[in-house]
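Geometric and topological summary
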Amino acid sequence: MDLKEMRPRLKSELGISEVNSGVYSNDWIDNPKGRKINLYSPIDGEFIAGVNGGSKEEYEVMVKNMEENYEKWIKLTSPQRGELIRLIGLELRKNKEKLGRIVSLETGKTVVEGEGEIQEMIDIADFAVGLSRQLYGYEIASERYNHRMYEQWLPLGIVGVITSFNFPSSVWSWNSFIAAVVGNVVVWKPSSKAPLTAISVMNIITRVIKEHHYPEIFSLIAGGGGEVGNLMTSDNRIKLISFTGSVDGGRKVSEAVAKRFGKVILELGGNNASIISDRADINVALKGVAFGALATAGQRCTTTRRIIVQESIYDEFIKKLVNVYSKVKIGNPLEEGVLVGPLIDESAVNNFMKAIEQARHEGGRVLFGGEKLSIKGYEKGFYVKPAIITMPEVSPVSCQETFAPILYVFKYKTIHDAIKIHNAVPQGLSSSIFTTDLREEELFLSPWGSDCGLANVNTATAGAEIGGAFGGEKETGGGRESGSDAWKSYARRQTVTINWGRDIPLSQGIKFDIK
Ligand code: NAD
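Residues numbered from 1 in each chain as written. Predicted model: local features only at pLDDT ≥ 70, side-chain atom pairs only at ≥ 80, totals over all residues. Heavy atoms only, no water.

1. Observations regarding the site of the ligand
For the record, the criterion: A molecule or strand has a residue near it when one of that residue's heavy atoms lies within 4 Å. Counting of polar contacts relies on pairs of N or O atoms within 3.5 Å, with two restrictions inside protein: one atom must be capable of donating a hydrogen and the other of accepting it, and residues adjacent in sequence are counted only when both atoms are side-chain atoms. Each residue gets one label: Ala, Val, Leu, Ile, Met, Phe, Trp, Tyr, Cys and Pro are nonpolar, Asp, Glu, Lys and Arg are charged, and the others, such as Gly, are polar. Start and end points for every domain follow an automatic or database-based domain assignment.
In the neighbourhood of the ligand, 26 residues make up the surrounding shell, with Thr 163, Lys 189, Ser 246, Leu 268 and Glu 401 lying closest. Within the backbone of Leu 268, one N or O atom sits 2.8 Å away from a nitrogen atom of the ligand. Between Glu 401 and the ligand, the recorded distance is 2.5 Å, taken from a side-chain N or O atom to an oxygen atom. For the shell around the ligand, a count of residues per class yields 10 nonpolar, 11 polar and five charged. Composition of the shell around the ligand by domain shows at least three residues from each of domain 1 (3-268 + 476-494) and domain 2 (272-465).

So, in structure tokens, the structure goes:
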């Protein structure tokens, strides 16, 4: 696919110009006064477009508008709100290919992954539509005669969603479509590394909102974390901040929001491992590890960063894995057959190189890759050769998340040793075991097993479905998004007690007789 031709066509089809407004509040605000962000494609290092970020003044206008829009939105029933999300889902279906290409152009994802990003938005839209008729609470048996007790879930108000570059729109939709059917309105701060996908998505979604005369429930403000991000995290009017990003960023966000007793959902870094048992189906394990470690060029929160291999199959498995790696095509992610595209920017490449150096220092042996790559015709792109590094033991480098394709390999004797190595890192997002042994699998899923939010058996750490609650433990932050009952995070629980009798009996049998 010719990037030179694709750029202008895509931009005009998605309403992106050379310099874009990065603030949407009931409409795009002309020429906002925040920091200007210039965007270069990681594929070829060429300029794509500029975005004018928002300033404090525009932020204030936006929040005031959202307060008014919220008042209108909560007057609609939840199924009526679901109807808007259904219409949005239909429009996303029509634009899946174009939006997918913008994701690829901006983040360097392969074509299928770019489209997969939009498919995930469509899936969560469908989920949210169904959910809009299933927002239930419990009825509780009251100890008092002629009393009824139940709990209801009410919207919070304005929800702030801060997203990372690597899922530039799907993570927003996991939060926003669910938050919207619950009755909230949403302010979105996309990553400064990937605001164009966000702008394209907003162009499409807000067209649907206007066409069908719904309140403007979604707004967007581009800008840096320390600027716009800070405005949001310190603002009492934003009742919940859902933050997806690094552990360092999440720590700052969590402190700022806790100071004002706001709510947070934290979706932070992972350091995910797969255990490869001697009883694994080796072909399944090889495919699972290759996908987990290499998809999105190792830039998924759920990327497989470590494998822990049983000693009796260690040599054979690594040999086969190196062979698989050597066949993987790296290059322009828009080309057919390419499985690994570029990293997001130069600093990601530098972090990759630094981690490899550190791993060597800590006794690691690089079996494959670990270098910068220059791809013919794309010399200004940010390409690396994915690394496989054997490690003698758990050491600092393998305890940190380097957002790049580095796979650390450990050896184990017993399954208990494997689980110990597995849980020895500060993050707790995703995990997997490859085994056909029921006892090993059950041990891995027991309270003594994986300490992560996601546990997979005979499949990769990466590639979660929207139907389950997504998120992780420990430094990953404890948040849950997307499916199952994660919708409850976007609501406040109210316990209701109704006395429909002619007396007022008190709980715990307390008497308070007024003569
Ligand atoms: P990042 O932390 O650099 O930035 C994420 C977002 O936070 C950006 O929009 C950024 O502008 C904003 N931000 C940064 N500091 C902030 C602050 N102090 N206040 C408010 N906002 C702030 O992360 P990134 O490089 O864009 O993304 C990669 C990271 O995200 C990795 O660590 C990855 O594991 C993580 N991630 C986690 C999940 C998950 O669900 N657990 C999903 C995707 C990505």
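2. Some words on the domain arrangement of the protein
Cut-off, in case you're wondering: Working rule for contacts: check all heavy atoms of both residues, and any pair within 4.5 Å makes them a contact. Buried area adds together the accessible area that both of two parts lose upon being put together, with accessible area traced by a 1.4 Å probe. Salt bridges are defined as contacts in which a side-chain nitrogen from Lys or Arg sits within 4 Å of a carboxyl oxygen from Asp or Glu. For the purposes of this entry, the term helix denotes a DSSP run of H or I that reaches at least four residues, the term strand denotes a run of E that reaches at least two, and both are numbered from the N terminus.
Under the domain assignment, the protein is made up of domain 1 (3-268 + 476-494) and domain 2 (272-465). Placing a centre on the C-alpha atoms of domain 1 and another on those of domain 2 gives a separation of 30 Å. Listed by partner, the interface residues are 23 residues for domain 1 and 25 residues for domain 2. Each partner contributes to the roughly 2000 Å² buried at the junction of domain 1 and domain 2, and carbon and sulfur atoms together form 63% of this total. Three residues stand out in domain 1 for area buried against domain 2, namely Pro 42, Ile 43 and Thr 476, and they jointly supply 24% of the buried area on that side. Our count for the contact surface shared by domain 1 and domain 2 stands at two salt bridges. Here Arg 300 ties to Glu 113 by a salt bridge, and the two come within 2.9 Å at their closest N and O atoms. At the boundary of domain 1 with domain 2, the tally comes to nine residue pairs in polar contact (both at pLDDT 80 or more). Elements that contribute at least two residues to the side of domain 1 that touches domain 2 include exactly helix H1 (3-13), helix H4 (96-107) and helix H5 (111-131). Looking at the side of domain 1 that touches domain 2, the element that brings in the most residues is H4, giving four residues.

3. Remarks on the sheet that holds strand E14 (residues 365-368)
Here is the rule: For two strands to be treated as a pair, DSSP must find no fewer than two bridges joining them. Lines fitted to C-alpha atoms define the axes here, with helix axes fitted over just the stretch in contact, and angles between the N-to-C directions of these axes take values from 0 to 180 degrees.
The strand order across the open sheet formed by seven strands is E14-E17-E18-E13-E12-E20-E21, and the pairing between neighbours is mixed. The outermost strands of the open sheet, each flanked by one partner alone, are E14 and strand E21 (454-457). In this sheet, adjacent strand axes meet at a mean angle of 25 degrees when their direction is disregarded. Sheet topology places strand E12 (residues 272-276) next to strand E20 (residues 430-434); four bridges connect them, and they run parallel. Looking across to E20, one finds that Ile 275 is bridged to Ile 433. Contacting E12, strand E13 (304-310), strand E18 (406-412) and E20, helix H10 (residues 282-294) runs over the sheet at an angle of about 160 degrees to E20.

4. Some details on the sheet that holds strand E4 (residues 47-52)
If you walk across this open sheet you meet the three strands as E1-E4-E3, and the pairing is mixed. At either margin of the open sheet sits one strand with a lone partner, and together these are strand E1 (19-21) and strand E3 (36-40). Adjacent strand axes in the sheet meet at a mean angle of 25 degrees when their direction is disregarded. Examined bridge by bridge, E3 and E4 share five bridges and lie antiparallel to one another. From the neighbouring strand, Asn 38 faces E4, where its bridge partner is Gly 50. Along the sheet, helix H7 (residues 195-211) contacts E1, E3 and E4; its crossing angle with E4, the most-contacted strand, is approximately 70 degrees.

5. Comments concerning the nonpolar core
Selection rule: Residues belong to a common nonpolar core when they are buried Ala, Val, Leu, Ile, Met, Phe, Trp, Tyr or Cys residues joined through side-chain atoms within 4.5 Å. Remark: exposure states derive from per-residue accessible area (1.4 Å probe, protein chains only) relative to the maximum for the residue type, with buried under 20%, exposed over 50%, and partly exposed in between.
Trp 172, Phe 177, Phe 218, Ile 276 and Phe 317 are the most contacted members of the largest nonpolar core, which has 151 residues in total. Ranked by residues supplied to this core, first place goes to H7 with nine residues. Each of domain 1 (3-268 + 476-494) and domain 2 (272-465) accounts for three or more of the residues forming this core. Among all residues touching Phe 177, those that are not within four sequence positions of it are Ile 85, Ile 88, Leu 92, Met 121, Ile 124, Ala 125, Ala 128, Trp 172, Ile 205 and Phe 218.

6. Brief notes about the pattern of salt bridges
Under the definition given, this model contains 25 salt bridges. A salt bridge links Arg 93 to Asp 126, with the nearest nitrogen and oxygen atoms 2.9 Å apart. Of this pair, Arg 93 sits in helix H3 (residues 78-94) while Asp 126 sits in helix H5; the two residues are 33 residues apart in sequence, bridging distant segments of the chain. Residue classification places Asp 126 among the partly exposed positions, given a relative accessible area of 41%. Residue Lys 413 is joined to Glu 311 by a salt bridge in which the shortest nitrogen-to-oxygen separation is 3.5 Å.

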